[in-house]
Amino acid sequence: MKKKHKVLLIGWDAADWKIIGPLLAKGQMPALKKLIDKGVYGNMATMNPPYSPMLWSTVATGKTPDKHGVLGFIELMPDMKGIRPVTVHSRKSKALWNIFHNQGLKSNLVGWWPSFPAEPINGVVVSDKFQKLKKDPNAKNPILKGTMHPESIKKDIRDLRLFPFEITEAHILPFIPKAYQIDQEKDKSLQSFAKMLSENVSVHAAGTYLMGTTDWDFMAVYYDLIDHFCHAFMKYHPPKLKAIPQSLFDIYNEVVQGAYRFQDMMLERTMQLVDKDTTIIVMSDHGFESGHKRILKMPKYPAAPALEHRQFGMFVAAGPNIKKNEKVFGLGLIDIAPTILHMFNLPIGMDMDGKVALDIFIRQEKPHYIESWENVSGDFGQHSDSNEVNQLSDQETMQQLVELGYIEKPDEKIEIAILKTKCDLKHNLARVHSGKKDFYKAKEILLELINDSYPKYQKSDFEGESKLQLERQGLKEGDSIIDVIPYYMDLLSISISENEMDNAELYLKKLRTLDRRFEINTYFSEAKILLLKGKIHEALKILQTAKDNKPNAEVWFQIGNIYKRLYQFHQAKEAYEKALELESDKAKYHQALADTFIRLNNFEEAAEYALTAIELVKYYPEAHYTLGEALEKLGYIQQAQQAYKTASKLKPKTRHRAEKALENIKDKLENVHGLNDKEHYEYRKDQIVIVSGLPRSGTSLMMQMLEKGGLEILTDSKRVADISNPKGYFEYNPVMSLHKNNSWLGEAQNKSVKIVAPLLKFLDPKYRYKVIFMKRDLIEIVKSQQKMIGKDPETLPIKLFEAYKLHLDHIAIWKEKMPNVEFIYVNYKDTLVNTSRVAARVSTFIGMELDINAMENCVDKNLYRNRV
Amino acid sequence: MNKNTIRHNFEITEKGSLGSLALGDVGLRAWRSVKKEARQKRKNEKKA
């Protein structure tokens, strides 16, 4: 009989390498270790917002939540008259098992979130409703219609639900050896423990049953054990947090590790039940904070517990065509569905957001594509109508989500609960758009949310049971039922990202008015606004105060960014290193440090940090670019070329810097140049020749020479010749506001334009520049400037002198950083004394045959004044 | 076809264990069967 290639996908919600690593080292997760040894492993990048039903639906569809439609933990009932835990009806896209159904393959699905009501697929679905049981041991727990498909499977697995009241000390003590010390009257943790453990055992029992007794091609089993245990017990995980009483720490400090170890025991059993021809994938949707960022007091915002979710989850895969014991990089949740489709040699929908993770395969076959699976007609094992399940406002499930803190206790008044749900779902959609950098769509929704009018809490709302609940949230009569603060916070972030300074200030002001209890940290936003305004030192001051009050990695990172902007690279390096000490797996911190090492000419370190950034996030063009820079400087030209190529490919928008760097590398491979050489003596198509320097360094003189030499000059001649520049200034008015608008630079192609040195950094990287930088003795420059503005040329303003000196240093660094810039220094005095030699050099640099005689003849040596 | 019939090489007690729960369907059923037998035994002993 021909062997079938099967795929088993195991979901471990919130599993995190930070906990797994030490357990593997101690030999306490032997099953996962076995899988890693014969397979691949790596990080799994999550998405924003990191809410599990959204994320697992992305895993199943390969699409982002704006496309698949699952936008939160709860959904509106089809008749819009109530709310309920999210069901499969929210999902608008076909999942893997729907596609397999259409293609004649058999799937089993157990516990997937959301999977209720069970879809009528070819195979078995045991939905996420199966394991949810009432806490009351005397309550009846009938298996609801729609809990599984086919209904006939019910008789085989109905006894596989474990009830919380069945949990015994033999189950509790391995997790909580001092459970006898718990005062169960006051501390209800054991109840939660029993519920969470029994639910996962039920999922596992149904899963193992189906694995061994049914024929299947694809199987997916989802466990929430680690996530739920972490939400309940991570605060007690070592190292002990100051605010945690020693007595509670002593009781609960082993629970989180216990959850991982038990999950591993279940994996061991699962691995026994599959054949060698089965590919096993174990993955999580996000990680979980286990260090200093653990949150003890949750903010009151919806789904606040997701704040404890970490950016990286885990991924392990092993199977017949999977590489052995290799680390893989850059995987995202969106990549799982395309990768699994590819394993079955099925085409990937071009409307899927992810890619096939080809790196994990031994034999890498070219993926096939179709426009979209959504357009394929036929039977996909989906529900035919979504209105038949009105009985699903399941109180127990809602209660669990409330207890975990994922949702607030729904309001007694159903119309308020509906309104809040509508707003939450819209807000989540805006956050998904924002996460995809589609700020336009995100803003549209957020503006709608802040402009809507909402009912206010009335006196009657503060009567009875809800009084305490509302007061605990700091609410009072007259407050809006919908808290608009989160919407303003997102609008503020978007405005800052889009450099909309006025809007950012407006939203910040509004937030400060709304947040009367000053719970929100606004220092980041304030610092960013100040930066946009160019008030760098004020921004730095705010961040330093924030750092002194409560140091965190992001503050250090922002401080580093400011130092870098100030060209203070040693300070920037220190700040980034501090950020990494606090959070070692943030790719952007590694990338920032790599870039800083380039500026400090430490190219080996730069390459090292850039590589780590890429290890963490593969689709990171900036890190590939920095790696290219480092490798180029180290002399590994071919490898640098590869890095630049990757950087230029990775983003849909054009990576101008990477493309120009690639051209340069091509030159280097073809011609032997010194590594630091910024001169390529050849004409570049559509190049812009820039004459630059400090004011009074001879820029007008060079412009005049170029004009006479035959190069077209971009000037509007608005500034007329005067005694300081008797032959004219050759200026172009839009240059003055280059820092605000550089869109006109295209007009300068194949021409020469004068741009004063401080504005060079605002050049658009999409063009090629040949910069002729005029150098003149600084004392002469300052004297000449003093004279021009009617001041005593003999009084030398020291501060100005120092500032110019520093500025020239910055220019030297800037030119090295810009692959699209070729750069020569031309000495002013030389120009006057050895004019023909300078003219010839300039002509060669530009790569055009200029009229050297005409250039030489136009120079009036009598103009050389203020010489030292 | 049922592959879920592997033999376990440890004793299942009435109080159960994480090991038997980790075995999934067979472990859970085996444990419940042990519990049932123990209950029955006690019942019989009481009657006797």
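Caption draft 1: Focus on the sheet that holds strand β19 (residues 821-827) of chain A. Residue and element names in this part refer to chain A. Strand order in this open sheet of four strands is β17-β16-β18-β19, and the pairing throughout is parallel. Only two strands of the sheet have a single neighbouring strand rather than two, namely β17 (752-754) and β19. Neighbour-to-neighbour, the strand axes of the sheet open up by a mean angle of 25 degrees, direction not taken into account. By the bridge criterion, three bridges tie strand β16 (residues 688-693) to β17 in an arrangement that is parallel. Looking across to β17, one finds that V691 is bridged to K754. Strands β16, β17, β18 (769-775) and β19 of the sheet are contacted by helix α28 (residues 699-709), whose axis makes an angle of about 155 degrees with β16. The strands that helix α30 (residues 798-817) touches are β18 and β19; relative to β19, the one it contacts most, it runs at about 145 degrees.

Caption draft 2: Summary view of the sheet that holds strand β2 (residues 39-45) of chain A. All names here are of chain A. In spatial order, the strands read β7-β6-β5-β8-β1-β9-β12-β2-β13; together these nine strands make up an open sheet with mixed pairing. Looking at strand neighbours, the two that pair on one side only are β7 (148-149) and β13 (326-332), the edges of this open sheet. Bridge count for strand β5 (residues 107-110) against strand β6 (residues 123-126) is four bridges, and the pairing is parallel. Across the sheet, the residue bridging to V110 is V126, located in β6. Contacts from helix α1 (residues 17-25) reach β2 and β12 (312-318), with the element oriented near 50 degrees to β12. Where helix α8 (residues 189-213) meets the sheet, it contacts β1 (6-12), β5, β6 and β8 (218-223), and its direction lies at approximately 165 degrees from that of β8.

Caption draft 3: Representation of helix α9 (residues 225-233) of chain A in the model. The buried fraction of α9(A) is high, at eight of nine residues. For α9(A), the set of buried residues is L225(A), I226(A), D227(A), H228(A), F229(A), C230(A), H231(A) and F233(A).

Caption draft 4: Seen up close, the interface of chain B and chain A. Listed by partner, the interface residues are 21 residues for chain B and 32 residues for chain A. Taking both partners together, chain B and chain A bury about 2,100 Å²; carbon and sulfur atoms supply 57% of that area. Where R29(B) meets D159(A), a salt bridge forms, and the shortest distance between an N and an O atom there is 2.7 Å. In this structure, the connection of chain B to chain A is made through 11 residue pairs in polar contact (both at pLDDT 80 or more). Of all the elements in the fold, those that place two or more residues in the side of chain B that touches chain A are α1 (18-22) and α2 (25-47) of chain B. Per-element accounting of the side of chain B that touches chain A gives the leading share, seven residues, to α2(B). A breakdown of the residues in the side of chain B that touches chain A according to their chemical character gives nine nonpolar, six polar and six charged.

Caption draft 5: Inspection of the confidence of the model for chain A at higher detail. Residues and elements named next belong to chain A. For chain A, per-residue confidence averages 87 on the pLDDT scale, and 91% of positions sit at 70 or higher. With pLDDT under 50 throughout, residues 387-393 is counted as low confidence; its partners more than four residues away or in other chains account for 16 contacts. Every residue in residues 672-677 scores below 50 in pLDDT, and together they form 10 contacts with partners more than four places removed in sequence or on other chains.

Caption draft 6: Focus on the nonpolar core. All names here are of chain A. In this structure, W12, L32, I176, L197, F229 and F262 are the most contacted members of the largest nonpolar core, which totals 82 residues. When residues in this core are grouped by element, the largest group, 12 residues, is from α8. Counting 55 residues, the second largest nonpolar core, distinct from the first, contains V7, A118, I340 and V356.

Caption draft 7: Spotlight on the pattern of salt bridges. All names here are of chain A. Considering all chains together, one arrives at 45 salt bridges over all chains under this definition. A salt bridge links D351 to K63; its shortest N-O distance comes to 3.0 Å. Here K63 lies in the loop between α3 (52-61) and α4 (65-68) and D351 lies in the loop between β14 (348-349) and β15 (369-370), a separation of 288 residues in the sequence. On the basis of relative accessible area, D351 is assigned to the partly exposed category, the value being 21%. Looking at K63, the relative accessible area reads 3%, which means it is buried. The residue K195 makes a salt bridge to E199 at a minimum N-O spacing of 3.0 Å. Here E199 and K195 lie together in helix α8, a separation of four residues that amounts to about one turn. Of the two residues, K195 and E199, neither departs from the other in class, the shared state being buried. Each member of the salt-bridge network shares a partner with another, and the members are D66, K67, D353 and K436.

Caption draft 8: Focus on the side chain of K6(A). Residues and elements named next belong to chain A. Looking at the element boundaries, K6 is found in strand β1. Its relative accessible area of 9% is what places K6 among the buried residues. Excluding residues that lie within four positions of it along the chain, K6 makes contacts with W216, D217, D275, D277, T278 and T279.

Caption draft 9: The arrangement of the packing of aromatic side chains in detail. Residues and elements named next belong to chain A. Under the criterion given, the structure shown has 30 aromatic pairs over all chains. Ring geometry for F73 against W113: centres 5.7 Å apart, planes inclined by 45 degrees, an arrangement best described as tilted. Of the two residues, F73 is situated in the loop between α4 and β3 (74-76) and W113 in the loop between β5 and β6; the sequence distance between them amounts to 40 residues. The same class applies to F73 as to W113, namely buried. The ring of W216 carries the charged tip of K6 above its face, separated from the ring centre by 4.4 Å.

Caption draft 10: Seen up close, the packing of helix α19 (residues 523-532) of chain A against helix α20 (residues 536-549) of chain A. Residue and element names in this part refer to chain A. The geometry of α19 relative to α20 is characterised by a closest axis approach of 7 Å and an angle of 165 degrees between their N-to-C directions. Relative to α20, α19 is oriented roughly antiparallel. Considering only the axes of α19 and α20, their crossing is left-handed. Taken together, the residues of α20 that come into contact with α19 (itself represented by Y523, F524, E526, A527, L530 and L531) are I536, E538, A539, I542, L543 and A546. Taken together, the residues of the contact of α19 with α20 sort by class into 10 nonpolar, no polar and two charged.

Caption draft 11: Molecular detail of the packing of helix α21 (residues 553-565) of chain A against helix α22 (residues 569-582) of chain A. All names here are of chain A. The N-to-C vectors of α21 and α22 enclose an angle of 165 degrees; their axes lie 8 Å apart at closest approach. On the basis of the axis angle, α21 is roughly antiparallel to α22. As α21 runs across α22, the sense of the crossing is left-handed. Across from A553, W556, F557, I559, G560, N561, Y563 and K564 in α21, the residues of α22 making contact are F569, Q571, A572, A575, Y576, K578, A579 and L582. By residue class, the composition of the contact of α21 with α22 is 11 nonpolar, three polar and two charged.

Caption draft 12: Looking closely at helix α32 (residues 835-846) of chain A. All names here are of chain A. Taking 1.5 Å per residue, 12 residues should reach 16 Å; α32 reaches 16 Å between its end C-alpha atoms and fits that length. Of the positions making up α32, those classed as buried are T835, V838, A839, V842, S843, F845 and I846. An end-on view of α32 places all buried positions within 160 degrees of arc, on one side of the element.

Caption draft 13: Up close: the side chain of Q263(A). When you line up the elements, Q263(A) lands in helix α11 (residues 255-273). Excluding residues that lie within four positions of it along the chain, Q263(A) makes contacts with W12(A), Y223(A), L225(A) and I226(A).

Caption draft 14: Fine view of the environment of N664(A). All names here are of chain A. With respect to the helices, strands and loops of the structure, N664 is situated in helix α27 (residues 656-670). For N664, a relative accessible area of 10% translates into the label buried. Separated by 156 residues in sequence, N664 and N820 place their C-alpha atoms 8.4 Å apart. Those residues in contact with N664 that lie beyond four places of it in its chain are R684, R768 and P819.

Caption draft 15: Seen up close, the pairing of β6(A). All names here are of chain A. Residues of β6 alternate between two faces, with G123 and V125 on one and V124 and V126 on the opposite face, all of them buried. Strand direction decides the pairing type here: β6 and β7, joined by two bridges, are antiparallel. When the bridges of β7 are listed, V126 appears paired with M148.

Each value, and the rule that gives it
- Residues numbered from 1 in each chain as written.
- Chains lettered and ligands numbered in written order.
- Predicted model: local features only at pLDDT ≥ 70, side-chain atom pairs only at ≥ 80, totals over all residues.
- Heavy atoms only, no water.
- Pairing = 2+ DSSP bridges.
- Helix = DSSP H or I, 4+ residues; strand = E, 2+ residues; numbered from the N terminus.
- Axes fitted to C-alpha atoms, helices over the stretch in contact; angles between N-to-C directions.
- Contact = heavy atoms within 4.5 Å.
- Buried < 20%, exposed > 50% of the residue type's maximum accessible area, 1.4 Å probe, protein only.
- Buried area = accessible area lost by both parts, 1.4 Å probe.
- Salt bridge = Lys/Arg side-chain N within 4 Å of Asp/Glu carboxyl O.
- Polar contact = N/O pair within 3.5 Å; in protein donor to acceptor, adjacent residues only side chain to side chain.
- Nonpolar A, V, L, I, M, F, W, Y, C, P; charged D, E, K, R; others polar.
- pLDDT = per-residue confidence, 0-100.
- Core = buried A, V, L, I, M, F, W, Y, C linked by side-chain atoms within 4.5 Å.
- Phe/Tyr/Trp six-rings, centres within 6.5 Å; stacked < 30°, edge-to-face > 60°.
- Lys NZ or Arg CZ within 6 Å of the ring centre and 35° of its normal.
- Parallel < 35°, antiparallel > 145°, perpendicular 65-115°, else oblique.
- Left-handed = near helix turned anticlockwise from the far one by under 90°.
- Expected span 1.5 Å × (residues − 1).
- Arc of directions from axis to C-beta.

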